[in-house]
Amino acid sequence: MSRPTRIAYGFLAPGLLLFAVYRLYPLLEGLRLSFTNARLGRASEQWIGVANYTRLLADDRFHVSLWNTAFYTVASTLPILAVPLALALALNRGRLRTLLRSVFFFPFTLSVVTVGLAWLWLLDPVVGPFNYYLRSLGVPARSWLADPQTAMWTIILTTVWWVTGYYLVIYLAGLQDIPRDLYEAAALDGASGWRSFWAITLPLLRPVLLFVVVTHVIGSFQLFGQVFVLTGGGPGDATRTVVQHLYETAFQNFFQFGAASAMAWVLFAVILAFSVLQFRLLRGHTEY
Amino acid sequence: MPRGLRSVDRSSVALTVALLALAVLWLSPIAWVVVTSLKPAPDIIRLPPEWIPWPLTGDHYHEVLLGSSRTARIGRAFVNSLVVATGSVLLVLATSAMAAYPLARMRFPGRNLVFALLVGSLMIPNAVLLVPQYVLTQRLGWLSTYQGLIVPEAAMVFAFGVFLLRQFFVTMPRELEDAALIDGAGPWQVFSRIILPLSQPVLAALAIFAFRSAWNDFLWPLIAVNKPEMFPLPVALALLRSAYSAESYGPIMAGAALSALPLLVVFVVANRRIVEGVRLSGLKG
């Protein structure tokens, strides 16, 4: 090894060690575990081939969790794309941009537990203000989190409130990178605001939209904290998610590390498939 | 034209007013947490909701921080979270800056491979690593320890940090480095005396990002810590909830408000940096 190479790897060494031990090794070790019957405290684990995976095919609760997680991801994608985008467009035109941006961003600095506790209290079916104000508008009070019809939507609502500010900042940065003269040219040609939104803003924001969607999908498929605090997966299994199922399988239910690792890799495959799909959909036809 | 301008002006004022109203609504859940935490217990569940807590009380904070045995943990959890988040920030800054420097400014075999590996790893969902990470931490004897939280939390942010800093380092003019090298400075001096001091804004952005990530993480400490005195705040808060009956919102909200405090301070002091950090994080897409 030449001296410059040694120096370069000298600088890289601490980080690569951290990365290898706590990212790379767990990734591969997880794959290996998924083909074994490993459990906490079991002295010798055995290679059992794809048995953990075939067992997942028959695990109804896993199917329900996967379905709920996919439902959450798909149902929340549109609000997560649209709400911060609408806010960004409005903030870009109005005044007090910096102040308003800070206000909308603030919830994103909170932990998922803090967010969950705040909304649990707001949504309290008896003494919470949310239902009180709805009642005064003539909407009957309900336990939004205890009703299978509304529980997942309520989780989506709290999540939109939580993360909107983050995507807002990203959209605002994307909007600023669009050259002003494009809009001026469009206005001279008599294009309405709506028309230039479809013809200029949206196409030029495509890379930002792609980033937002992919980030959101990777995050959504790992939905756990909101559910843990707000519903515990209930009512019944109405809001049970894959990561919750994985967590319970690995850490509450006889520590079945092999079975939980198989779930983790199925989840990973689903996330990758969704991400690739979105790359295809959103990167495709850029020419217009 | 003046008439047109004025109507644009008026619509932008209307828009700003509407946005301000929405902003007030957006902050109301947080306001409600703080208001609740300052009310005497009987006032908390009174309807219609009272948004001005009067009389004020600090009892819930006192109870949560120092008081009864079931909540004695929140004060301790606050300290735990501070230790873990600070440790993780320092580890992330040191490792990512050192790794980003040769990736940005040196030519060596394997450079593209290393960088591709790090960027590719940004797609790995943390939840997928949960079980093997637990097994590893257990073997190291690090369960319920600070290092068992600090090191994995830092590892979660490391690759992103390298990416962020490399973007910044590549834009620095080469002359700075060349002049120092001619003066006989070694690579370490160039890194520590030239590159790092010029990178303070982006290092601050990364520090805030890493702090937020470690301060707020819930899933990893939930499984990696099983001694109550080692719980960080999110775990302690989630369990605090089950220690109380549903109506005892006062202490729970006091805990929630306390958990938001450090990032609120950072947020007010370094708003620009946070926004800059998020903006840069978006560029990776």
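Residues numbered from 1 in each chain as written. Chains lettered and ligands numbered in written order. Predicted model: local features only at pLDDT ≥ 70, side-chain atom pairs only at ≥ 80, totals over all residues.

Draft legend 1. Broad picture of the overall build of chain B. Looking only at helices and strands, chain B features 14 helices and 0 strands. For chain B, the succession of helices and strands along the chain, N to C, is α-α-α-α-α-α-α-α-α-α-α-α-α-α. Whereas a compact globule of 285 residues would reach a radius of gyration of roughly 19 Å, chain B reaches 24 Å, over 25% beyond that. The principal-axis extent of the C-alpha atoms belonging to chain B is close to 75 × 75 × 35 Å. A sequence separation of at least 24 residues applies to 76% of the contacts in chain B between residues at least 6 apart. (Helix = DSSP H or I, 4+ residues; strand = E, 2+ residues; numbered from the N terminus. Rg over C-alpha atoms; globule rule 2.2 N^0.38 Å. Contact = placed C-beta atoms within 7 Å.)

Draft legend 2. View of the interface of chain B and chain A. Counting from both sides, the interface comprises 74 residues of chain B and, opposite them, 72 residues of chain A. Broken down by class, the residue content of the side of chain B that touches chain A amounts to 58 nonpolar, 13 polar and 3 charged. (Nonpolar A, V, L, I, M, F, W, Y, C, P; charged D, E, K, R; others polar.)

Draft legend 3. Up close: the environment of F251(A). Residue and element names in this part refer to chain A. Relative to the assigned elements, F251 resides in helix α12 (residues 242-251). Judged by C-beta crowding, with 19 C-beta atoms within 10 Å, F251 ranks as partly exposed. The spatial distance from the C-alpha of F251 to the C-alpha of R39 is 10.0 Å, given a sequence separation of 212 residues. (Buried ≥ 20, exposed ≤ 12 C-beta atoms within 10 Å, placed from the backbone.)

Draft legend 4. Broad picture of the domain arrangement of chain B. All names here are of chain B. Examined at the domain level, chain B breaks down into domain 1 (2-57) and domain 2 (62-282). In this structure, domain 1 and domain 2 have C-alpha centres spaced 33 Å apart. Across the contact, 8 residues belong to domain 1 and 7 residues belong to domain 2. For the side of domain 1 that touches domain 2, a count of residues per class yields 5 nonpolar, 2 polar and 1 charged. (Domains from an automatic or database assignment.)

Draft legend 5. Region of the structure containing the packing of helix α4 (residues 97-105) of chain A against helix α7 (residues 151-176) of chain A. Residues and elements named next belong to chain A. Closest axis-to-axis distance for the α4/α7 pair is 7 Å, and the angle between their directions is 145 degrees. Residues R101, F104 and F105 of α4 lie in contact with α7, whose contacting residues are T164, G165, L168, V169 and L172. Tallied by class, the residues present in the contact of α4 with α7 amount to 5 nonpolar, 2 polar and 1 charged. (Axes fitted to C-alpha atoms, helices over the stretch in contact; angles between N-to-C directions.)

Draft legend 6. Examining the packing of helix α10 (residues 206-220) of chain A against helix α13 (residues 257-283) of chain A more closely. All names here are of chain A. Two numbers describe how α10 lies on α13: the axes approach to 10 Å, and their chain directions differ by 165 degrees. Classified by the angle between their axes, α10 and α13 sit roughly antiparallel to one another. Pair α10 / α13 crosses with right-handed handedness. Contact residues: α10 offers R206, L209, L210, V213, V214, V217 and I218, while α13 offers I271, F274, S275, Q278, F279, L282 and R283. (Parallel < 35°, antiparallel > 145°, perpendicular 65-115°, else oblique. Left-handed = near helix turned anticlockwise from the far one by under 90°.)

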